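Tertiary structure, described
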Amino acid sequence: MIWVETIVNGVLLGGLYALIGLGLGFAFGVMRVVNVAQGDFIVSAAFIGLYLYPWTPLHPILVIIPVALIAFGIGMVAQRLLINRVLGHDQIPQILLTFGLAIVLRNGMVEWFGANSQSINVGDMRFWGFNFLGLRLGVLPVVILAISIVLFAGLRYWLNTSRMGRVIRATADDFQVVQLLGVNYRRVYAVAMGLALALSAVAGVLLAMRGSFTPYAGADRLLIAFEVVVIGGLGSFWGMFIGGIVLGVTQLVALKIDPSSGLMYGHIVFFIILILSPQGLSSAFRTGFFRK
C-alpha cells in the first residue's frame with residue numbers, strides 16, 4: 001500500500017505539473033513562440049498571489065481568479081507590444097526577447113520581494129487529509145488535480161465550441177488564410193498569449209500553495225514545463241496531461257527508491273522518451289511504437 005500511495009500521490013503531483021506545461025504548450029501550438037520566460041512568469045504570478053491572498057474573501061485558494069485575470073492582461077499587452085514585433089519564421093529573436101524578459105522579471109522579483117523563500121498560506125488546508133480505499137490523501141493535492149482537469153477540459157471545450165476558440169485554432173493552422181477572412185491574427189495571438197499566461201498563473205499560485213518558491217525558481221518551472229510538453233507531445237491537450245502524470249509519478253517513485261537523487265530520474269525518463277519518440281507519447285501510441 002505504501003507504493004500504491006506513492007503512485008497516487010505522484011498522479012496528484014502530475015496534475016500540477018501538467019498545468020505548468022499547459023501554458024507553454026498552448027502558446028507554442030498557436031503561435032510557435034518558445035517562451036523562455038515561462039518559468040519566471042509562473043513565479044511572478046506566485047508573488048502576485050502572495051500579495052493578494054490576504055484580501056481574498058471566502059478562501060485564499062480563490063486568489064487564483066484575480067491573479068489569472070491580471071496575467072491575462074499582462075499576456076495580451078506583452079504579445080501586442082513586444083512579441084508580435086519579432087514573430088516570423090526565425091525563432092531566435094523570440095527566444096532572445098523572452099530570455100531578456102526572464103532576466104528582467106527575475107531581477108525585479110529579487111529587488112521587490114527579496115531572495116527569501118515564500119509560500120502562500122492556505123491555513124490548515126495544507127495539512128488536511130482523508131482516507132480513501134486504505135490510502136491517505138491530502139485535500140489540497142486532490143483539489144489541485146481537480147482544478148487541473150477542469151482547466152484542461154474547459155480549454156479544450158472552449159476551443160472546440162466557441163467562435164473565438166475556432167478562430168484561434170484556424171489561426172494556429174494558417175494565419176495567412178484567416179487574414180483573407182478579415183481576422184486580425186495579431187489580435188488573436190494577443191488573446192492566445194493572455195490565455196497561456198493566465199493558465200500559467202493558476203499553476204504558479206497553486207504551486208506556491210503546495211510548497212515554497214523563490215525568485216530564482218523560474219528555471220526549475222521552465223524545465224518542468226518543457227519536459228511535460230515534450231513527453232506528452234505538442235498539439236495534444238491530454239497528451240500534455242499524461243506527460244505531467246508520468247513526470248510526477250516518476251519523481252515520487254524515484255524519491256522513494258533513491259532519496260538523494262530521485263529527481264534525476266524524471267529527467268532520465270524525459271531523455272529516454274525524447275530519443276524513442278521525439279513527438280511525445282501521444283504520437284507514439286497513435287503510430288503503435290510501443291506495440292512493436
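One can find the structure itself at the top, above this paragraph.
This report concerns the structure included in the present document. (Residues numbered from 1 in each chain as written. Predicted model: local features only at pLDDT ≥ 70, side-chain atom pairs only at ≥ 80, totals over all residues. Heavy atoms only, no water.)

Helix and strand content of the chain: twelve helices and two strands. Traced from its N-terminal end to its C-terminal end, the chain shows the element sequence α-α-α-α-β-β-α-α-α-α-α-α-α-α. Its C-alpha atoms give the chain a radius of gyration of 19 Å, within 12% of the compact-globule value 19 Å for 292 residues. Long-range contacts, defined here as pairs at least 24 residues apart, represent 74% of the contacts in the chain between residues at least 6 apart. Put simply, the chain shows about 14,400 Å² of open surface, and 67% of that area lies on carbon and sulfur atoms. The average position of the 18 basic charges and that of the 10 acidic charges among the side chains of the chain differ by 11 Å. (Helix = DSSP H or I, 4+ residues; strand = E, 2+ residues; numbered from the N terminus. Rg over C-alpha atoms; globule rule 2.2 N^0.38 Å. Contact = heavy atoms within 4.5 Å. Areas by Shrake-Rupley, 256 points an atom, 1.4 Å probe, with all protein chains shown as cover. Lys, Arg positive; Asp, Glu negative; His and termini not counted. Charge placed at Lys NZ, Arg CZ, Asp CG, Glu CD.)

Okay, the pairing of strand β2 (residues 135-138) next. Where strand β1 (residues 129-132) and β2 come together, four bridges link them in antiparallel fashion. Among the inter-strand pairings, Phe 130 is bridged to a residue of β2, identified as Leu 137. (Pairing = 2+ DSSP bridges.)

Let us look at the packing of aromatic side chains. The tally for this structure, following the rule as stated, stands at eight aromatic pairs. Summarising the aromatic geometry, the rings of Phe 47 and Phe 213 are spaced 4.8 Å apart at their centres and angled 80 degrees between planes, so their arrangement reads as edge-to-face. In this pair, Phe 47 is assigned in helix α2 (residues 38-52) and Phe 213 in the loop between α8 (185-210) and α9 (218-232), connecting sequence segments 166 residues apart. As far as burial versus exposure is concerned, Phe 47 and Phe 213 are alike and both buried. Both rings, one in Phe 175 and one in Tyr 185, keep their centres 4.7 Å apart while their planes meet at 40 degrees; by these two values the pair is tilted. Here Phe 175, found in helix α7 (residues 175-180), pairs with Tyr 185, found in helix α8; they are ten residues apart in sequence, far enough to count as distant. (Phe/Tyr/Trp six-rings, centres within 6.5 Å; stacked < 30°, edge-to-face > 60°. Buried < 20%, exposed > 50% of the residue type's maximum accessible area, 1.4 Å probe, protein only.)

Turning our attention to helix α4 (residues 92-113). One full turn of an α-helix is made of 3.6 residues, so residues set three or four places apart face in the same direction. Compared with an ideal rise of 1.5 Å per residue, which puts 22 residues at 32 Å, α4 spans 31 Å between its outermost C-alpha atoms and is within 8% of the ideal. Among the residues of α4, those classed as buried are Gln 94, Thr 98, Leu 101, Ala 102, Gly 108 and Met 109. Here the buried residues of α4 occupy an arc of 140 degrees about the axis, which is enough to place them on one side. In this structure, α4 carries Leu 96, Val 104 and Glu 111 as exposed residues pointing more than 90 degrees from its buried face. Against α2 lie the buried residues of α4. Where α4 ends, the next residue or the one after it, Gly 114, has phi of about 85 degrees, a positive value. (Expected span 1.5 Å × (residues − 1). Arc of directions from axis to C-beta.)

Time to look at helix α1 (residues 2-31). Compared with an ideal rise of 1.5 Å per residue, which puts 30 residues at 44 Å, α1 spans 44 Å between its outermost C-alpha atoms and is within 8% of the ideal. Gly 21 marks where α1 bends most, by close to 30 degrees. Just downstream of α1 lies Arg 32, where phi reads positive at about 60 degrees. (Bend = angle between axes of the 7 residues up to and from the residue.)

By the secondary structure assignment, Ser 148 is in helix α5 (residues 139-161). Contact partners of Ser 148, with chain neighbours within four places excluded, come to Gly 15, Leu 19 and Phe 241.

Another aspect to go through is the packing of helix α3 (residues 64-81) against α8. Contact geometry of α3 with α8 gives a least axis separation of 7 Å together with a crossing angle of 145 degrees. As α3 runs across α8, the sense of the crossing is right-handed. Split by residue class, the contact of α3 with α8 holds 18 nonpolar, three polar and two charged. (Axes fitted to C-alpha atoms, helices over the stretch in contact; angles between N-to-C directions. Left-handed = near helix turned anticlockwise from the far one by under 90°. Nonpolar A, V, L, I, M, F, W, Y, C, P; charged D, E, K, R; others polar.)

Below, the discussion takes up unusual backbone geometry. With the exception of glycine, the majority of residues adopt a negative phi angle, and the majority of peptide bonds are in the trans configuration. Here Arg 32, not a glycine, exhibits a phi torsion of approximately 60 degrees, which is positive. As for its placement among the helices and strands, Arg 32 is situated in the loop between α1 and α2. By relative accessible area, Arg 32 is classed as partly exposed at 40%.

Contact geometry for helix α6 (residues 163-173) and α8: axes closest at 10 Å, N-to-C directions at 110 degrees. In terms of axis orientation, α6 runs roughly perpendicular to α8. Every residue of α8 that contacts α6 at Met 164, Val 167, Ile 168 and Thr 171 is listed here: Tyr 185, Val 188, Tyr 189, Val 191 and Leu 195. (Parallel < 35°, antiparallel > 145°, perpendicular 65-115°, else oblique.)

Taken together, the side chains of Met 264, Tyr 265, Ile 268, Phe 271, Ile 272, Ile 275 and Leu 276 define a hydrophobic patch exposed on the protein surface, amounting to about 640 Å² of accessible area. Relative to the assigned elements, Leu 276 resides in helix α11 (residues 262-276). (Patch = residues over 30% accessible without salt bridge, like charges linked within 9 Å, V, L, I, M, F, W, Y side chains within 5 Å. Salt bridge = Lys/Arg side-chain N within 4 Å of Asp/Glu carboxyl O.)

Taken by themselves, the reported measurements are silent on function.
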